[in-house]
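Chain and residue survey
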Amino acid sequence: VRISKNLYRINANSTITTPLLVIEGKNITVDFNGSELYGSNDKRKPNEFYGLAILVKKGSSNIIIKNANVHGYKVAILADSVYHLTVENCNLSYNWRQQLHSNRMREDISDWMSYHHNEKDEWLRYGAALYLKHCKNAIVKNNKVTGGQCALMMTSCENAEVFDNNFSFNSAIGIGMYASSHNKIYHNNLDWNVRGYSYGHYNRGQDSAGILVFEQCNENEFYYNSVTHSGDGFFLWAGQYTMDSGRGGCNNNIIFNNDFSYAPTNGVEVTFSSNEISKNIIHGCDNGVWGGYSYNTIISNNDFKNNRTGIAIEHGQHNHINGNSFDSENTGVRLWSNKTQDPNWGYAKYHDTRSAGYFMDVNKLTNVKVGFDIMRSDSITVAGTEFKEVKQKFKIGEAVTHLDTVSIEKKIDAVSHRSKYTARPAQKFSSGKDQIKMTEWGPYNFQYPILWLKDVDSTGIYHFEIIGPKGQMKLKKMQGFDIAGKIAAGQLINFLAKADSSIVTRFIEFEYNGPAFIDRLGKKHQGKNETITYSEFDPASTWNISWYKWDSLHDPNKDYNIFLSTFQQLPVLTATTKRPDYTWWGTIGKNLPSDSFATVAATTMNLPKGKYEISITADDLLKLFVDGKEVINAWDSKYVDYDENTNHPIVLQLEGKHDFKIIHAENGGLATLMFYIKPVD
């Protein structure tokens with residue numbers, strides 16, 4: 001079948017259970033001939049996109065899909081139980097993705113990715129450009145996915161080959177695998193698949209990754225990929241079955257000759273499993289390799305540089321670390337274990353969790369503060385190590401036994417320190433974690449002009465830079481700011497925020513004339529008289545906040561009305577603030593509760609006439625009242641089952657003075673309460 005080349009704007013069904021186009025049968029080639037298929041034409045925002053564009057039905061075989069451009073759907077292509085599917089030369093960019101709530105100064109927990117199980121396709125709630133399940137011998141080659149959330153997701157797939165694709169600048173996952181084995185992933189660009197990061201402020205990653213390997217994925221090969229600037233470069237977790245039973249894992253995977261540099265968190269994370277990590281470039285990450293509970297794992301001939309810690313392994317056994325180069329690290333290798341384990345944890349019941357049995361040889365450490373940091377570990381051999389400008393070769397903590405360093409600096413030539421790296425070259429953008437610039441729709445891709453806020457100093461000066469394609473930028477208008485210095489394209493541009501409490505909206509508007517570009521939503525622009533803006537909505541308000549401790553007689557999960565009598569007692573803490581913006585990892589204050597507490601927050605706002613989106617991120621229970629009327633009811637712990645469900649939005653038409661009141665209750669664990677309000681575009 002050869003599709004007539006054209007632009008097709010066709011909305012799909014509102015759910016992904018009824019696809020727009022079905023391919024079913026054997027020995028079928030569908031050549032889209034460069035056609036563009038757009039869905040969700042009645043929507044503007046990517047988090048509103050819906051529908052499944054193409055389904056390859058169960059039982060089909062020898063299917064080829066090529067030369068398709070599919071945009072604006074929740075899922076572009078889904079294949080179920082297909083033998084020998086080929087997807088090639090397709091552009092599946094700008095499909096569904098979340099609107100992120102984390103910003104420059106603080107993260108929001110509702111942006112975390114919650115994978116856990118996928119036996120019932122739970123991952124589909126995050127959408128996908130290409131979703132394969134129970135497929136064998138698939139070939140995915142020469143495709144592009146950018147400006148989405150998840151590019152290629154595979155569950156229970158075997159013997160696939162995924163190569164020469166560019167899955168970059170997505171807000172969560174480049175390639176994700178669940179219970180998938182014997183696959184080959186090679187020569188792909190999987191750069192800037194990231195969220196949960198703000199340079200100089202926080203580096204959480206929120207479980208985004210260039211490559212995700214999750215739950216019983218075995219004997220896969222990953223080689224010659226560029227996987228830079230992603231939340232984790234490579235993120236492998238053994239899975240819940242292993243956590244409960246101590247058996248299985250994601251084992252015998254080969255991670256060879258890739259570039260995992262500039263991950264905000266871990267270049268490579270491999271846990272509760274046995275794998276090989278060899279000849280990779282890992283620069284500028286928090287941890288080069290995080291190998292918690294790894295066993296019988298080989299980490300060899302990797303190039304570590306400018307990481308906080310090169311290799312960090314807790315509770316690992318019988319691992320071999322050899323031939324690696326560590327340059328300009330705070331710590332080269334860190335090994336440790338905790339004193340005790342949770343006696344109810346299944347993995348610890350059935351699996352060895354000591355830190356023991358390491359052989360580390362022929363490693364080279366240059367300009368490293370601490371070479372080897374070891375605590376609560378047994379039977380460690382360090383041999384043939386070359387130290388150069390290392391401040392402290394060994395930092396030995398408590399309970400280290402049978403440490404053998406007799407031949408530590410003996411020359412051993414069995415393994416070379418350096419190898420010739422042939423990973424797929426990174427894309428031609430400036431490298432470094434400072435080049436990860438997150439917008440509300442994902443990582444900035446350097447393809448469109450943007451007024452980027454670098455910092456706000458203590459004097460109220462906003463420091464901007466104009467980045468993207470080179471063109472002429474002319475200041476057209478502004479509100480709530482004064483110019484603070486000379487404006488010159490390509491340099492920092494400074495504006496001083498006016499100290500005027502009556503200013504509700506601040507904005508800056510430039511006119512851009514330059515090369516044509518595609519914006520963050522996938523829309524094409526000619527580059528003539530384009531409007532480039534920065535804006536922030538900041539209504540003056542003072543929130544009065546009180547916290548209370550509740551007991552079992554006033555359990556908010558049982559009876560809301562009885563719970564309300566909690567507020568008849570004196571609060572344990574009070575505060576005033578400009579806006580509720582809290583995340584509690586522990587107590588709400590010194591000698592105050594961390595669990596079983598309630599929050600009441602109230603304010604009055606005077607708002608210009610308009611339509612407003614109000615949202616609150618809360619863990620665990622929440623209600624919002626406006627002028628005494630309940631407008632958000634999330635008084636159910638089900639809203640914290642998945643992180644994304646902790647954010648509760650509503651759109652209201654408002655004008656003038658309005659009273660806002662939040663009632664929040666925390667059960668246990670992490671707690672958060674964040675309030676947002678902004679005009680609807």
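Everything discussed here concerns the structure shown above.
A short tour of the structure in this document, coming up. Each chain carries its own residue numbering, running from 1 in the written order of its sequence. Reporting in this predicted model follows two pLDDT cut-offs: at least 70 for local features of residues, and 80 or more for side-chain atom pairs to be given and counted; totals over whole chains, interfaces and linings ignore these cut-offs and use all residues. Only hydrogens and water are set aside when side-chain values are computed; all heavy atoms of the structure are taken into account.

**Things to note about the overall build of the protein chain**
Heads up, the rule is: By the criteria applied, helices consist of DSSP H or I runs no shorter than four residues and strands consist of E runs no shorter than two, each listed in order from the N terminus. Radius of gyration: C-alpha atoms only; globule rule: 2.2 Å multiplied by the number of residues to the exponent 0.38. Under the scheme applied here, a residue whose accessible area is under 20% of the maximum for its type counts as buried, over 50% as exposed, and between as partly exposed, the area being computed with a 1.4 Å probe on protein chains only. Contacts: residue pairs with any heavy atoms within 4.5 Å of one another.
Within the protein chain, the secondary structure is distributed over three helices and 59 strands. For 681 residues, the compact-globule estimate of 2.2 N^0.38 gives 26 Å, and the C-alpha radius of gyration of the protein chain, at 27 Å, lies within 12% of that figure. Each of the 681 residues in the protein chain was classed as buried or not, and the buried ones make up 56%. The contacts of the protein chain with a sequence gap of at least 6 include a subset with a gap of at least 24, amounting to 61%.

**Overview of the packing of aromatic side chains**
Aromatic ring pairs are described here by two measures, namely the spacing of the ring centres and the angle between the planes. Formally: Here is the rule: rings of Phe, Tyr and Trp (six-membered ring for Trp) pair when centre to centre is within 6.5 Å. Planes less than 30 degrees apart are stacked, more than 60 are edge-to-face, and the remainder are tilted. Put simply, a charge is over a ring when the Lys NZ or the Arg CZ is close to the ring centre, within 6 Å, and near the line of the ring normal, within 35 degrees.
Going through the model one piece at a time under the given rule, you end up with 46 aromatic pairs. Between Phe272 and Tyr347, the aromatic rings sit 4.9 Å apart at their centres with planes inclined by 85 degrees, giving edge-to-face as the arrangement. Of this pair, Phe272 sits in the loop between β24 (266-271) and β25 (276-278) while Tyr347 is found in helix α2 (residues 346-350), placing the two residues 75 residues apart along the sequence. Residue Phe272 shares its accessibility class with Tyr347, and that shared class is buried. These aromatic residues form a ring-pair network of at least three members: Tyr115, Trp123, Tyr178, Phe214, Phe235 and Trp237. When the ring centre of Trp96 is taken as origin, the NZ or CZ atom of Lys74, which lies over that ring, is 4.5 Å away. Above the face of the Trp336 ring, Arg334 is positioned so that its terminal group lies 3.8 Å from the ring centre.

**Comments concerning the pairing of strand β56 (residues 621-626)**
Basically, it comes down to this: Strand pairing is assigned whenever DSSP identifies at least 2 bridges connecting the two strands.
Where burial is concerned, most of β56 is hidden: six out of the six residues are buried. Here β56 pairs with strand β57 (residues 629-634) via five bridges, running antiparallel. By the bridge assignment for β57, Val626 is matched with Lys629. Between β56 and β57, which follow one another and run antiparallel, lie two residues, and Asp627 among them has a positive phi close to 55 degrees.

**Describing the sheet that holds strand β4 (residues 36-38)**
For clarity, the cut-off: To get an axis, fit a line to the C-alpha atoms, keeping to the stretch in contact for a helix; angles then go from 0 to 180 degrees between the N-to-C directions.
Across the sheet, three strands lie side by side as β1-β4-β7; this open sheet has parallel pairing. Edge positions in the open sheet fall to β1 (7-9) and β7 (69-71), since each of these has one partner strand only. Ignoring which end each strand starts from, the neighbouring axes of this sheet average 15 degrees apart.

**Description of the sheet that holds strand β45 (residues 472-479)**
Sheet architecture is open: three strands sit in the order β45-β48-β51, paired in antiparallel fashion. The outermost strands of the open sheet, each flanked by one partner alone, are β45 and β51 (530-537). Each strand axis lies, on average, 15 degrees off the axis of its neighbour in the sheet, ignoring direction. Examined bridge by bridge, β45 and strand β48 (residues 505-513) share seven bridges and lie antiparallel to one another. The partner of Gln479 across the bridge, within β48, is Phe507.

**Focus: unusual backbone geometry**
Residue Asp620 is bonded to the preceding Asp619 through a cis peptide linkage, with omega at 25 degrees. Locating Asp620 in the fold gives a position in the loop between β55 (597-619) and β56. In the Ramachandran plot, Asn159 falls in the positive-phi region, its phi being about 60 degrees despite a non-glycine side chain. Among the structural elements, Asn159 can be located in the loop between β13 (150-155) and β14 (161-163). Given a relative accessible area of 37%, Asn159 falls into the partly exposed group. Not every positive phi belongs to a glycine, and Gln216 is a case in point at roughly 55 degrees. Structurally, the position occupied by Gln216 is in the loop between β20 (209-214) and β21 (221-223).

**Focus on the nonpolar core**
Quick reminder of the rule: Buried Ala, Val, Leu, Ile, Met, Phe, Trp, Tyr and Cys residues that are joined via side-chain atoms within 4.5 Å together make up what is termed a nonpolar core.
Judged by nonpolar contacts, the single largest core of 75 residues is most densely connected at Ile65, Val70, Leu85, Leu92, Leu132, Phe234 and Ile311. Not counting residues within four places of it along the chain, the set of residues in contact with Ile311 comprises Val289, Ile299, Phe304, Ile321, Asn324, Phe326, Gly332, Val333 and Arg334. Val504, Ala634, Ile650 and Ala671 belong to the second largest nonpolar core, which has 31 residues in total.

**Side note on the state of the cysteines**
As a reminder, the rule being used: Put simply, a disulfide is two cysteine sulfurs that come within 2.5 Å.
Applying the stated criterion to the full structure yields zero disulfides. Summary of cysteine pairing: Cys90 is not part of a disulfide, and the nearest cysteine sulfur, belonging to Cys135, is at 15 Å. Cysteine Cys150 remains unbridged, with the sulfur of Cys157 as its closest cysteine sulfur at 15 Å.

**What about the environment of Gly25?**
Tracing the backbone through its elements, the reader meets Gly25 in the loop between β2 (21-23) and β3 (26-31). Between the alpha carbons of Gly25 and Thr381 there is a distance of 59 Å; along the sequence they are 356 residues apart. If near-sequence neighbours (up to four positions away) are discounted, Gly25 is found in contact with Ser60, Ser61 and Ile63.

**Observations concerning the pattern of salt bridges**
What counts is decided by this rule: Salt bridges are counted wherever a side-chain nitrogen of Lys or Arg sits within 4 Å of a carboxyl oxygen of Asp or Glu.
Within this structure, the stated rule accounts for 23 salt bridges. We note a salt bridge from Glu465 to Lys437, for which the minimum N-O separation is 3.7 Å. Residue Glu465 is found in strand β44 (residues 461-467), and its partner Lys437 is found in the loop between β40 (400-404) and β41 (438-439); the two are separated by 28 residues along the sequence. By relative accessible area, which is 7% here, Lys437 ends up buried. Where salt bridges share partners, they join Asp80, Asp121 and Lys133 into one cluster.

**A word on the layout of surface pockets**
Counted only if it meets this: Every definition here rests on a 1 Å grid over the protein atoms only: cavities are sets of points where a 1.4 Å probe fits but cannot get out, pockets are open sets enclosed by protein on both sides within 12 Å along at least five of seven lines, and lining residues have some atom within 4 Å of a point. Grid points are joined across faces, edges and corners, and a volume is the space filled by probe spheres set on the points. Each residue gets one label: Ala, Val, Leu, Ile, Met, Phe, Trp, Tyr, Cys and Pro are nonpolar, Asp, Glu, Lys and Arg are charged, and the others, such as Gly, are polar.
Roughly 420 Å³ of volume is contained in the second largest pocket. In terms of residue class, the lining of the second largest pocket is built from three nonpolar, six polar and six charged.

**Some words on empty space enclosed by the protein**
The final tally for this structure, using the stated rule, is four cavities of 30 Å³ or more. Roughly 90 Å³ of volume is contained in the largest cavity. Forming the walls of the largest cavity are 13 residues, and the residues nearest its centre are Arg97, Gly147, Pro443, Asn445 and Arg520. Tallied by class, the residues present in the lining of the largest cavity amount to six nonpolar, five polar and two charged.

**A short note on the environment of Met360**
If you trace the backbone, Met360 turns up in strand β34 (residues 356-361). For Met360, a relative accessible area of 0% corresponds to the buried category. Separated by 39 residues in sequence, Met360 and Ile321 have C-alpha atoms that sit 4.6 Å apart. Sequence-distant contacts of Met360, that is, excluding residues within four places in its chain, are made with Ile321, Val333, Leu335, Phe372, Ile380, Thr381, Val382 and Ala383.

**Quick notes on the environment of Lys657**
Note on placement: Lys657 falls in strand β58 (residues 647-666). Between the alpha carbons of Lys657 and Asp378 there is a distance of 67 Å; along the sequence they are 279 residues apart. Excluding residues within four positions of it along the chain, Lys657 makes contact with Thr604, Met605 and Asn606.

**Topic: the side chain of Arg97**
Our working rule: Only four residue types enter the charge count, namely Lys and Arg as positive and Asp and Glu as negative; His and the chain termini do not. Polar contacts here mean pairs of N or O atoms no more than 3.5 Å apart (in protein, one a potential hydrogen donor and the other a potential acceptor; neighbouring residues in sequence count only if both atoms are side-chain atoms).
On the secondary structure map, Arg97 appears in the loop between β9 (83-88) and β10 (128-133). No salt bridge is formed by the buried Arg97, whose closest oppositely charged neighbour, Asp519, lies at an N-O distance of 7.3 Å. Here the side chain of Arg97 touches Arg520 through a polar contact of 2.6 Å, landing on its backbone oxygen. Residue contacts for Arg97: discarding those within four places in its chain leaves Pro46, Asn47, Gly147, Gly148, Gln149, Ser171, Trp441, Arg520 and Leu521.

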